[in-house]
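Structural overview
Below are the chains, spelled out letter by letter.
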Amino acid sequence: MDNTGLASGKGHRDENFPVASLLIKPEYRTPVMAYYRFARAADDVADHPTASADEKLARLARLRAGLDGDGAPEAMALRAVMAERSIDPVNAHDLLNAFERDVTVNRYADWDDLIGYCRYSAMPVGRFVLDVHGESRATWAANDALCAALQIVNHLQDCGKDYRTINRVYIPLDTGLRVEDLAADRASAELRAIIAGLARRTRGLLDQAAGFSAMIRDRRLAAEVAVIHRLARDLCDRLEQRDPLSERVHHGKAEALFMALGAAIPTLFRRAA
C-alpha cells in the first residue's frame, strides 16, 4: 500500500514558509527534504476529503512501519537518511501522532488543547531541522514557540477551507465560535474578532521566539529562521486586518521574497562580522 492515490500534488514550493531554501547548506537539504516528503505523504493522507478514517489510519500505520522496517517508501527513505546521519527518529514518530489525531479529532476545546496538537504537528518539524544541523537542544523552547505560531497562522488562514472540505476546526471552541460561520463567504463581525484575537495571541508566541535566530550556531540556518519569523509576524498583522474567508492573507512570491531578503541579509552580515 502506497499513498499515490491520495497525493495532493502539493510540493515544498507551495508551502507558506520556506522549506530547505537556498539558505540551507546543500549537505543539509537531503535530510530536510526527506522529512518533508514523509510529512507531505502523511498530510495528504490525513487531509484527503473522501478516504475513510480506517483507510487513513491504515496508511499512516504503513508510514510508521517504514520508520522502523518495511513500510511506506517515504518513511523508509527517511529512515535510511536518519540512520546514515545518526538522527533521532523521535521527531518523525511524533509527527505521525498529529496526523493520526487529525483523522480522529476535528474540534479543539481551548488554546491549551490547540497547543497540545501543535506539540506533535509543528514542533517536531523544527526540532528535526535543528538535529540535522547538530544544534543544541537548548534551542527547542524557542523553536517550539515559533513552530506553534506557524501552525496556528496556517490554521487561521485556512479556517474556512478546512471546515468546508474536511469538517476540521482548529479555532478553539471556548472563543465563542459559531462553527457554522466558517461556511460563509465572508466572516461575521464576531468571527473576525475571534480571528484577530487569536492572531494577537499568536504574536505572543513569536515574541517568545524573538531570540531564536541568535541562538543558532549555523549562520545560514539562523538566517532562514529570521526569515520565517519575519513572514509569520507579517501574517499575524494581516490576520488582524483581513478576513481570511473573503480576502487574500497569504504572501505573494514577490512580497515574500522582499521580506525574506530584508530579514536574511542583516542576519548573514551580522554573523559574518
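Residues numbered from 1 in each chain as written. Predicted model: local features only at pLDDT ≥ 70, side-chain atom pairs only at ≥ 80, totals over all residues. Heavy atoms only, no water.

**Quick notes on helix H3 (residues 73–85)**
The criterion, for reference: The numbering of helices and of strands both runs from the N terminus, where a helix is a DSSP run of H or I of at least 4 residues and a strand a run of E of at least 2. Here, expected helix span is obtained from the residue count minus one, scaled by 1.5 Å. Buried, partly exposed and exposed residues are distinguished by accessible area as a fraction of the type maximum, computed with a 1.4 Å probe on protein chains only: under 20%, between the cut-offs, and over 50%, respectively. Working definition: the arc comes from the directions between the helix axis and the C-beta atoms, pointing outward to the latter. Whether two residues are in contact is decided by their heavy atoms, any of which lying within 4.5 Å being enough.
Here H3 spans 19 Å end to end across 13 residues, near enough to the 18 Å set by a 1.5 Å rise per residue. Within H3 the residues assigned to the buried category are Ala75, Leu78, Val81 and Met82. Viewed end-on, H3 has its buried residues packed into an arc of 125°, placing them on one side of the element. Facing away from the buried surface of H3 by more than 90 degrees, the exposed residues are Ala83 and Glu84. Of the surrounding elements, those touching the buried residues of H3 are helix H1 (26–46), helix H2 (53–68), helix H4 (90–104) and helix H6 (123–132).

**Details of unusual backbone geometry**
A positive phi angle, close to 55°, is found at Ser86, a residue other than glycine. Position of Ser86 among the secondary structure elements: in the loop between H3 and H4. Its identity as a non-glycine residue notwithstanding, Asn167 has a phi of 50°, on the positive side. Examined against the element boundaries, Asn167 turns out to sit in the loop between helix H8 (159–166) and helix H9 (189–208). The exposure class assigned to Asn167 is partly exposed, which follows from its relative accessible area of 36%.

**Remarks on the packing of helix H7 (residues 140–157) against H9**
The relative placement of two packed helices is expressed as an angle between their axes plus a distance between the axes. The test is simple: Only the stretch in contact is used when a helix axis is fitted, and all axes are lines through C-alpha atoms; the angle between N-to-C directions ranges over 0 to 180 degrees. Working definition: roughly parallel below 35 degrees, roughly antiparallel above 145 degrees, roughly perpendicular at 65 to 115 degrees, and oblique for all remaining angles. For any pair of crossing helices, the crossing counts as left-handed if the nearer helix is rotated counterclockwise from the farther one by less than a right angle, and right-handed if it is rotated clockwise. The nonpolar class holds Ala, Val, Leu, Ile, Met, Phe, Trp, Tyr, Cys and Pro. Asp, Glu, Lys and Arg form the charged class, and all remaining residues, Gly among them, are polar.
Remark: H7 packs on H9, axes separated minimally by 8 Å, with the N-to-C direction vectors making an angle of 160°. By the angle between their directions, the pair H7 and H9 is classed as roughly antiparallel. Taken as a pair, H7 and H9 cross one another with a handedness that is left-handed. Contacts between H7 and H9 involve Ala145, Leu146, Ala148, Ala149, Ile152, Val153 and Leu156 from the former and Ile195, Leu198, Ala199, Thr202, Leu205, Leu206 and Gln208 from the latter. Classifying every residue of the contact of H7 with H9 by side-chain character gives 12 nonpolar, 2 polar and no charged.

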